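Commentary on secondary and tertiary structure
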Protein chains: 2
Amino acid sequence: MAKTGQEGFSPFAVGQLPAFEVTGDSLARAADFFSQRQVRRVFILADPFLDKTLILSRTQSAMGADVSLSLYSEFSGEPKLASVQSALNAARQHKAEGVLGIGGGSALDMAKIVKSCLRTGRDVADFVMQRNPLPPMDAQVPSVMIPTTAGTGSESSGTNILALENGNKGWVWGAETRPDLALLDPHFSASLPAHLTAWTGMDALIHAFEAATNRYTHKGAQLYAHDAIRLSVAALPDAVEQPDNLAARTDMLLASYYAGCAINLCSTSIAHALSHALARLAPIHHGLATALAFEVTLPFVLAANTAEMRQAAMLFGVPELTDLPGQLSRFMDRLGIERGLPAAFAAFDADDLMPILLSEEIQPMREACVIYASEADLYRFASRLFEQK
Amino acid sequence: MAKTGQEGFSPFAVGQLPAFEVTGDSLARAADFFSQRQVRRVFILADPFLDKTLILSRTQSAMGADVSLSLYSEFSGEPKLASVQSALNAARQHKAEGVLGIGGGSALDMAKIVKSCLRTGRDVADFVMQRNPLPPMDAQVPSVMIPTTAGTGSESSGTNILALENGNKGWVWGAETRPDLALLDPHFSASLPAHLTAWTGMDALIHAFEAATNRYTHKGAQLYAHDAIRLSVAALPDAVEQPDNLAARTDMLLASYYAGCAINLCSTSIAHALSHALARLAPIHHGLATALAFEVTLPFVLAANTAEMRQAAMLFGVPELTDLPGQLSRFMDRLGIERGLPAAFAAFDADDLMPILLSEEIQPMREACVIYASEADLYRFASRLFEQK
């Protein structure tokens, strides 16, 4: 809920926002961008699911024979410290003057860390958890990010997650990790299978809902969050049901981008607390984990019945807040989202999740919720999630 | 109308957006900003209507005795080339390391030109009409702008208007003329008289409507334009009727800021073509001129009946587009806006306005309208305006 001051208005700050474009010709636009900056050696960090040969040949053709390319995609799953270190070494060996990230949230998080650290001469580990300040953007190499999923909003955010050597999650954080330019090109997300479109799209929608309604929300964040809710509610079913609907894909890329801006301004909330905790226990897609956690926690959150929640519900098409959980479940049904944790969770139960939920790294998201979830509340949410498995 | 490509989506670009804050303590925030950048010599360009002694003493108290201030406010009306040159000289004589602008659109346009040119060693005239490139922002002195009116959105825009020696309007244009930080502080606009609150507020609303519906509109601009329409329609009557309503003042400052972002992305339209032409003929407040021109041209524009216009009308509270002109007139009545050109226009008529309307500088705004206004259309609009005088 927005904190209205004694004088009747609520202070807030909105930092500088990087440039983005909606384009059907992203590699040509990336080529223009690098060419204007005299970048002749480009390091491409691409999602492993992409066709390396095709990406290389198309990028070479867009950038011209003068530009020297090196493509890295030797990683899988969420970014690990060792993978990011290896990517950074590859970029340095290539003497990269610019970084192009193409992929989902993991690939873009890695690409953003690489471009931020490239000119420092130091190891990635030196910048985890803000151990040292990153160089300002104008001291970094120019960078362009092209998302292939519409969900995490990594291309608009200054938050980058990676798994540390001890298995804990670590963050490389800061506005200066954002790219110079994000290119939202629906051709790159049109090949995403229906279930991944649904899971990633739910992540964007939940980013937007949490940013629009949590303890730290403000009108500056709501500008982006509200449009992201509107766009996702209208476009996500079409994007799932009609894979080649480029208008729906574009709207979801915009929703994801705007939702990323919103959480950058005022964080996520309790659904992301549960979702990040689940991922620590066993492998699960971030979008699916978040969607399951959101459905389980929504009635608890809505008990706060704030003006911001009623406004978000209206954008969801429900005038009555009490109807929102039902509307959400019908929406997830329509997207074909099967409830239930993956098989890898069979060995675990709510008691295994609790220590993670109470760990330090999860508390900021727990505390962002308008209603503070007690340990009993968390145990109830965890139990509901494991009942679904 | 958004140009939907053959593939069903519309490309657009949104450049980097500068930082802004809503704050009740803007001088302290400005002090923090300059202090972080080791700025010890601040040039203040303040609106002549402000109390110079009070501004100086409050700023000095916020920034501390170590900071050397120089305040300039020797100008009146819209910025003239000679005034900007004189302000630039004063800033150079002060050896200014930072620029703080406080005022309405004219003061902020001047402050933005001064901060952009300060380190170039060259005259303002060298940068009018993009004769030479301005230095990039990181090569300029740090700058903060505090608007005292909620209308022009100068604090968010890269457009700066000044009158040239021959009386023609000139522009100093470019994203690099934007400030590093805009501070939206309702205390600074709370003293604005009702009629100026109404006129400037209408300017913001019309910026938003034109950006949301003109030939160049796109979803990126509409994000800002739509919120600006929502905010103005809801808050402007309260700001006019309750001068000390800081919540309404804040919402209007936000509306003005967002509307400035929107026209930065996709220009204004026909009402601004007429308004700028009127100001060339005789002195008239820009907000009043724009409001009168908007009311006269709206039915013509709405004949295009685009989806974007219907959407903007909904935000105005009218489901039927044909009801919008009536709703606008009632809105202007409620704001107490008297229709009619100032007495200085008594010597002129539509025939005097026509050559200005057909001059080169007006054509970009004329062409931005979805329906191209013929000479006969323009003559009809001009005649309607002069009938009101």
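None of the values given here were measured: they were computed from a predicted structure.

So, about the sheet that holds strand E3 (residues 41-46) of chain A. Pairing between the strands of a sheet is mediated by backbone hydrogen bonds and can be parallel or antiparallel. Here we have seven strands laid out as an open sheet, ordered E4(A)-E3(A)-E5(A)-E6(A)-E9(A)-E2(A)-E1(B), and mixed in their pairing. The sheet is open, and its two edges are formed by strand E4 (68-72) of chain A together with strand E1 (12-14) of chain B, each paired on a single side. Put simply, the sheet's adjacent strands are angled 15 degrees from each other on average, direction ignored. In this structure, E3(A) lies alongside strand E5 (residues 98-103) of chain A, joined through five bridges in parallel fashion. Paired with Ala46(A) across the strands is Ile102(A), a residue of E5(A). The strands touched by helix H1 (residues 26-36) of chain A within the sheet are strand E2 (19-22), E3, E5, strand E6 (143-147) and strand E9 (181-184) of chain A, with E9(A) carrying the most contacts at an inclination of about 165 degrees. Contacting E3, E4 and E5 of chain A, helix H2 (residues 52-63) of chain A crosses the sheet at an angle of about 155 degrees to E4(A).

Before going further, it helps to spend a moment on the pairing of strand E3 (residues 41-46) of chain B. The side chains of a regular strand alternate between the sheet's two faces. Residue and element names in this part refer to chain B. Burial of E3 is extensive: five of the six residues sit out of reach of the surface. The pairing of E3 with strand E4 (residues 68-72) spans five bridges and is classified as parallel. Looking at E4, one finds that Val 42 is bridged to Leu 69. One crossover worth recording links E3 to the parallel E4 by way of helix H2 (residues 52-63), and it is right-handed.

Our focus in this paragraph is helix H12 (residues 324-334) of chain B. Residues and elements named next belong to chain B. Burial in H12 covers these residues: Leu 324, Leu 328 and Phe 331. Taken around the axis of H12, the buried residues stretch over an arc of 60 degrees, which confines them to a single face. Opposite the buried face of H12, at more than 90 degrees from it, the exposed residues are Gly 326, Arg 330 and Asp 333. Elements in contact with the buried residues of H12: helix H10 (286-302) and helix H11 (307-315).

Quick look at the relation of the copies chain B and chain A now. One copy of the chain maps onto the second through a rotation about an axis and a displacement along it. Overlaying chain B with chain A gives an RMSD of 0.0 Å, the required rotation being 180 degrees about an axis along which the chain moves by 0.0 Å. The two molecules are tied by a two-fold rotation axis, judged by turn and shift. It is Leu17(B) whose C-alpha, among those of chain B, lies nearest the rotation axis, at 2.5 Å. Comparing contact sets, 100% of the residues at the interface of chain B also lie at the interface in chain A, consistent with an isologous, same-surface contact.

If you look at the biggest cluster of nonpolar residues, it comprises 257 residues, and the most contacted ones within it are Val114(A), Ala262(A), Val114(B) and Ala262(B). Not counting residues up to four positions away in its chain, the partners in contact with Val114(A) are Leu45(A), Val84(A), Ala87(A), Leu88(A), Ala91(A) and Val99(A).

This part covers the sheet that holds strand E2 (residues 19-22) of chain B. Spatially, the seven strands line up as an open sheet ordered E1(A)-E2(B)-E9(B)-E6(B)-E5(B)-E3(B)-E4(B), and their pairing is mixed. Taken across any chain shown, the strands that pair with only one partner, and hence form the sheet edges, are strand E1 (12-14) of chain A together with E4 of chain B. Adjacent strand axes in the sheet meet at a mean angle of 15 degrees when their direction is disregarded. Note: strand E5 (residues 98-103) of chain B against strand E6 (residues 143-147) of chain B, five bridges, orientation parallel.

A separate point is H1(A). For an α-helix, the turn length of 3.6 residues means that residues three or four places apart are oriented alike. Among all positions in H1(A), only Ser26(A), Leu27(A), Arg29(A), Ala30(A), Ala31(A), Phe33(A) and Phe34(A) are buried. A positive backbone phi angle near 55 degrees is found at Gln38(A), which sits one or two residues after H1(A).

Glancing now at the interface of chain B and chain A. The interface is formed by 27 residues belonging to chain B together with 27 residues belonging to chain A. At the level of elements, E1, E2, helix H7 (219-241) and helix H8 (246-266) of chain B are the ones that each hand at least two residues to the side of chain B that touches chain A. Of the residues belonging to the side of chain B that touches chain A, the class tally is 15 nonpolar, seven polar and five charged. Of the strand pairs in this sheet, E2(A) and E1(B) are connected by three bridges, and their pairing is antiparallel. Bridge assignment links Val22(A) to a residue of E1(B), and that residue is Phe12(B).

Next up on the list: the environment of Leu45(B). Residues and elements named next belong to chain B. Relative to the elements of secondary structure, Leu 45 occurs in strand E3. Spatially, the C-alpha atoms of Leu 45 and Met 110 are 7.7 Å apart, while their sequence positions differ by 65 residues. Setting aside its immediate chain neighbours within four residues, Leu 45 contacts Tyr 72, Ala 87, Val 99, Gly 101, Ala 107, Met 110, Ala 111 and Val 114.

Axis angle and axis distance: for two packed helices, these are the angle between their axes and the distance between the axes, and together they describe the pair. Residues and elements named next belong to chain B. Contact pair H10 / H12: the axes reach a minimum separation of 9 Å and the direction vectors enclose 170 degrees. Here H10 lies roughly antiparallel to H12, going by the angle between them. Here H10 contributes Ala 291, Glu 295, Leu 298, Pro 299 and Leu 302 to the contact with H12, which in turn contributes Leu 324, Pro 325, Leu 328, Ser 329 and Met 332. Of the residues in the contact of H10 with H12, the class split is eight nonpolar, one polar and one charged.

Residue and element names in this part refer to chain A. Each assigned domain of chain A is listed with its residue range as follows: domain 1 (19-189) and domain 2 (195-387). Taking only C-alpha atoms, the centre of domain 1 and the centre of domain 2 are 26 Å apart. In this complex, domain 1 contributes 20 residues to the contact, which on the side of domain 2 involves 25 residues. Those elements giving two or more residues to the side of domain 1 that touches domain 2 turn out to be E2, E9 and helix H5 (186-189). Partitioning the side of domain 1 that touches domain 2 into residue classes produces seven nonpolar, eleven polar and two charged.

Before going further, it helps to examine the environment of Ala96(A). All names here are of chain A. Counting through the fold element by element, Ala 96 comes out in the loop between helix H3 (81-93) and E5. C-alpha separation for the pair Ala 96 and Ser 70, spaced 26 residues apart in sequence, amounts to 8.4 Å. Not counting chain neighbours up to four residues away, the residues in contact with Ala 96 comprise Arg 41, Val 42, Phe 43, Ser 70, Ala 91, Leu 118 and Val 141.

It is worth spelling out the packing of helix H9 (residues 270-281) of chain B against H10(B) at this point. Residue and element names in this part refer to chain B. Contact geometry for H9 and H10: axes closest at 8 Å, N-to-C directions at 140 degrees. When the axis of H9 is compared with that of H10, the two are oblique. The handedness of the crossing between H9 and H10 is right-handed. When H9 is examined against H10, the residues Ile 270, Ala 271, His 272, Leu 274, Ser 275, Leu 278 and Ala 279 are found in contact with a partner set consisting of His 286, Ala 289, Thr 290, Ala 293, Phe 294, Thr 297 and Val 301. Residue classes in the contact of H9 with H10 are distributed as nine nonpolar, five polar and no charged.

What follows is about the pairing of strand E9 (residues 181-184) of chain B. Residue and element names in this part refer to chain B. Both faces of E9 are covered, namely the face carrying Leu 181 and Leu 183 and the face carrying Ala 182 and Leu 184. Bridge analysis of E2 against E9 gives four bridges, and the strand direction is parallel. Across the sheet, the residue bridging to Glu 21 is Leu 183, located in E9. Relative to E9, E6 runs parallel, the two sharing two bridges. From the neighbouring strand, Val 144 faces E9, where its bridge partner is Leu 181.

This part takes up the environment of Gln130(B). Residues and elements named next belong to chain B. Checked against the element boundaries, Gln 130 lands in the loop between helix H4 (105-117) and E6. Among the residues examined, Gln 130 registers 11 C-beta atoms within 10 Å and is labelled exposed. Put simply, Gln 130 and Trp 173 are 43 residues apart on the chain and 6.8 Å apart in space, counted from C-alpha to C-alpha.

Non-glycine residue Met129(A) carries a positive phi angle of around 55 degrees. Its 12 C-beta neighbours within 10 Å are what place Met129(A) among the exposed residues. Not every positive phi belongs to a glycine, and Lys95(B) is a case in point at roughly 55 degrees. Relative to the helices and strands, Lys95(B) resides in the loop between helix H3 (81-93) and E5.

Definitions and limits used
Residues numbered from 1 in each chain as written. Chains lettered and ligands numbered in written order. Predicted model: local features only at pLDDT ≥ 70, side-chain atom pairs only at ≥ 80, totals over all residues. Pairing = 2+ DSSP bridges. Helix = DSSP H or I, 4+ residues; strand = E, 2+ residues; numbered from the N terminus. Axes fitted to C-alpha atoms, helices over the stretch in contact; angles between N-to-C directions. Contact = placed C-beta atoms within 7 Å. Buried ≥ 20, exposed ≤ 12 C-beta atoms within 10 Å, placed from the backbone. Right-handed = clockwise from strand over helix to strand, strands pointing away. Arc of directions from axis to C-beta. Least-squares fit on C-alpha atoms with pLDDT ≥ 70 in both. Core = buried A, V, L, I, M, F, W, Y, C linked by C-beta atoms within 7 Å. Nonpolar A, V, L, I, M, F, W, Y, C, P; charged D, E, K, R; others polar. Parallel < 35°, antiparallel > 145°, perpendicular 65-115°, else oblique. Domains from an automatic or database assignment. Left-handed = near helix turned anticlockwise from the far one by under 90°.

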